[in-house]
Amino acid sequence: MRIGHGYDVHRLVECRDLVLGGVTIPFEKGLLGHSDADVLLHAVMDALLGAAGFGDIGKLFPDTDDAYKGISSMLLLEKVASALREEGYSVGNVDVTMIAQKPKLRPYIPQMEENIARVLQVSPDRINVKATTEEHLGFTGDGSGMSCHAVCILE
């Protein structure tokens, strides 16, 4: 059994879609990044890659490579899942804490969990996504950005 932790953060900007857990969420701002900037999936991938000893998403999918410009993080998660399976790993569980002052994410969480479970080829009950605010403190609290922590167990 191996345990991994992932963390990511992105700035909120206008004229970008907000994509979290592979779900496009209606909001006046989106996250800035080289890919679709799905901060939730980036944290999940870093947790999985770390548990397997594969480095991080910056190593596998560098933001200096135009092949990943605007790419869906769901596609990147598929590549990570494939690499894990090739090495004989299976996902025990993934637990995610999304940190954002707004919008409220509760209505979108079931679809996020289903998306991640489908790609990782596990039952949705092995994926847990939750969201919290930081009570208007810091860059997430003032609406400048969003962050996410994820932990996982690989078997």
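Just above, that's the structure.
Residues numbered from 1 in each chain as written. Predicted model: local features only at pLDDT ≥ 70, side-chain atom pairs only at ≥ 80, totals over all residues. Heavy atoms only, no water.

A.B. asks: Just checking my understanding: could you explain the pairing of strand 7 (residues 145-154) for this structure?
C.D. replies: With seven of ten residues buried, strand 7 is to be regarded as a mostly interior element. Direction of pairing for strand 5 (residues 91-99) relative to strand 7: antiparallel, over a ladder of eight bridges. Paired with Val-96 across the bridge in strand 7 is Ala-150. (Buried < 20%, exposed > 50% of the residue type's maximum accessible area, 1.4 Å probe, protein only. Helix = DSSP H or I, 4+ residues; strand = E, 2+ residues; numbered from the N terminus. Pairing = 2+ DSSP bridges.)

A.B. asks: Quick question: what am I supposed to make of the state of the cysteines here?
C.D. replies: A disulfide bridge is the covalent bond that connects two cysteines by way of their sulfur atoms. Within this structure, the stated rule accounts for zero disulfides. With no disulfide of its own, Cys-148 has Cys-152 as its nearest cysteine by sulfur position, at a separation of 13 Å. When its relative accessible area of 0% is taken as the criterion, Cys-148 is described as buried. With relative accessibility at 2%, the residue Cys-152 sits in the buried group. (Disulfide = S-S within 2.5 Å.)

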